[in-house]
Amino acid sequence: MILERIRQSPVARELAAEAIDLMRQMYPICRSITGDGVRSTLDLLGQRIPLQRSEIPSGTPVFDWEIPREWRIRDAWIADADGRRVVDFREHNLHVVGYSVPVRCTMSLDELQPHLHSIPERPDWIPYRTSYYEEQWGFCLRHRDRLALGEGPYEVVIDAELAPGHLSYAECVVHGTTDREAIVYTHTCHPSLANDNLSGIAVAALLARELLTETPRLTWRFVFGPGTIGSLAWLSRNEERLGAIAAGLVVGLLGDPAPLTYKRSRQGTSLTDRAAEHVLGAAGPGVARIVDFEPYGYDERQFCSPGFDLPVGRLTRSPNASYSEYHTSADDLSLIRPESIAGAFSALARLVAVIDGNRVPLNLSPKGEPRLGKHGLYGPLGGPTPAEFQRALLWVLNLADGANDLVAIAARSGFDFESVAAAAEALGRAGLLAGVGDDRDGYLDATKT
Ligand code: ZN
């Protein structure tokens, strides 16, 4: 099976260290749903993985939406009468409301107040605010600093521009041996916020790099794009290939201490859902949990909208908005735990391997049990013990009626996927099992080896 080495904790720990280093490089960049911050981020990823980049012009319709104007931010500040910057974009890029329209004026504190955002309960944290689709401007600041502001007047400058440009996204495609595909989507639109979602970007990029050294059966397409408008844009430009998507994951928020959370696709029983159930379901509530679909969250909302209804689930640790540092300056690199990132790599490696290794087997000798000994399948062949392996063979033979895939056989038999897949391979080599549909070739190949 693919990616097996990543399940070993030393390899996962090495990847986690590299992911955190990449996050550190991306952290200072001011990203948004458009603009050069996204492009610089994609440049950094492009040093590690081959990327196909797309630029979609402002004004392009995507379903009920439209690609917005591009936001270019150069500098922003609030300065007191002495010219001292009391709020400074150069100190932290969360200080400016994302997509703020340009402003340059002098005003009193009273006039400024409606444009200020802070969190009274968290006086040392800067909130993260955006206004993509409504023309506004504003500043975010520590509540402690807000309380210290005098009456003014203040010089208020947002040196930004909203102009026709492009929305940028990028794909890393790992070609498989069949024409079916899987998608991994992660959002790239957040500025200096670590868990949400530099963790998702870094883990997806390094997982793609590792997968490029293997030969998967599915074509794995890793998409790095902004939240909502990015997945909508990708969907609108790829409608003709959506029928080939066998599985998919939205990934993000993988570095905080919470257990892994898999959110089911809208279908609820898709391959992705059943594979996640198999990989994470038995891990225990302290390690992983599985929650049902709801039309709230990240880009799974678009992939699982009824017009697409794709088999796309979501893997995070804390779900969006469920940790106190969410969308504040406290979501920085100090929140990221190396062991959380390493655990995410291990879980994703197995999940990807199960999805990729799944197939639908067909018993070619279904009338009664075949005599295993006659086919060289009785005796010390593999599995935890010979007797266990015999049982796995019998389960696969019995359920291989063309209606069950290997994940379903694993679920019903209680064997792990790897044992079921190994039993199926052995049966294929013995000429007792074929594949159906897209899997026919895989088993025919297996019988030749
Ligand atoms: Zn977010």
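Engineer: Explain the pattern of salt bridges to me, please; I cannot follow it from the model alone.
Structural biologist: Two side chains that carry opposite charge are able to pair once their charged atoms sit near each other. Counted under the stated rule, the structure contains 34 salt bridges. Close ionic contact of aspartate 159 with arginine 74 constitutes a salt bridge, the shortest N to O distance being 3.2 Å. Of the two residues, aspartate 159 is situated in strand β9 (residues 154-163) and arginine 74 in strand β4 (residues 70-79); the sequence distance between them amounts to 85 residues. The partly exposed category is assigned to aspartate 159, whose relative accessible area is 24%. Lysine 263 is paired through a salt bridge with glutamate 300; the nearest N and O atoms lie 2.9 Å apart. With lysine 263 in strand β14 (residues 260-263) and glutamate 300 in helix α8 (residues 300-303), this pair connects stretches of sequence that are 37 residues apart. With respect to class, lysine 263 is no different from glutamate 300; both count as buried. Taken together, the salt bridges that share partners define one network made up of Asp36, Arg39, Glu55, Glu70, Arg72, Arg74, Asp159 and Glu161.

Engineer: What exactly am I supposed to notice about the sheet that holds β9 here?
Structural biologist: In any sheet, the strands associate via hydrogen bonds between backbone groups, in a parallel or an antiparallel arrangement. Across the sheet, four strands lie side by side as β5-β4-β9-β6; this open sheet has antiparallel pairing. This sheet does not close on itself; its edge strands, each paired only once, are β5 (85-88) and β6 (103-107). Going across the sheet, the axis of each strand differs from the next one's by a mean of 15°, ignoring polarity. Of the strand pairs in this sheet, β4 and β5 are connected by three bridges, and their pairing is antiparallel. Opposite tryptophan 77, over in β5, you have aspartate 88 as the bridge partner.

Engineer: Honestly, the sheet that holds strand β13 (residues 245-251) in this entry has me stumped. Any pointers?
Structural biologist: One open sheet accounts for eight strands, arranged β1-β10-β12-β11-β13-β16-β14-β15; its pairing is mixed. Both edges of this open sheet fall to β1 (52-57) and β15 (288-291), since each of them pairs with a single strand only. Neighbour-to-neighbour, the strand axes of this sheet turn through a mean angle of 20°, independent of strand direction. Two strands pair when backbone bridges link them, and β14 and β15 are joined in this way by four bridges, in the parallel orientation. When the sheet's bridge partners are listed, leucine 260 is paired in β15 with alanine 288. Packed on one face of the sheet, helix α2 (residues 36-46) meets β1, β10 (166-174) and β12 (219-225) and runs near 15° to β10. Sitting on the sheet, helix α9 (residues 338-357) touches β12, β13, β14 and β16 (312-316), and the angle it makes with β13 is about 170°.

The rules behind each value
- Each residue is numbered by its place in its chain's sequence as written, counting from 1.
- Two thresholds apply to this predicted model, a pLDDT of at least 70 for residue-level local features and 80 or more for giving and counting side-chain atom pairs, whereas whole-chain, interface and lining totals are computed over all residues.
- Hydrogens and water are ignored here; the side-chain numbers use all heavy atoms of the structure.
- Take a side-chain nitrogen of Lys or Arg and a carboxyl oxygen of Asp or Glu: if they are within 4 Å of each other, that pair is a salt bridge.
- Strands are runs of DSSP state E lasting at least two residues, helices are runs of H or I lasting at least four, and both sets are numbered from the N terminus onward.
- Remark: exposure states derive from per-residue accessible area (1.4 Å probe, protein chains only) relative to the maximum for the residue type, with buried under 20%, exposed over 50%, and partly exposed in between.
- Only strands that DSSP links by at least two bridges are regarded as paired with each other.
- Where helices are involved, their axes are fitted lines through C-alpha atoms of the stretch in contact, as for all axes, and angles between N-to-C directions lie from 0 to 180°.
- For this analysis, residues touch if any pair of their heavy atoms sits within 4.5 Å.

Nothing here speaks to function; it is geometry throughout.
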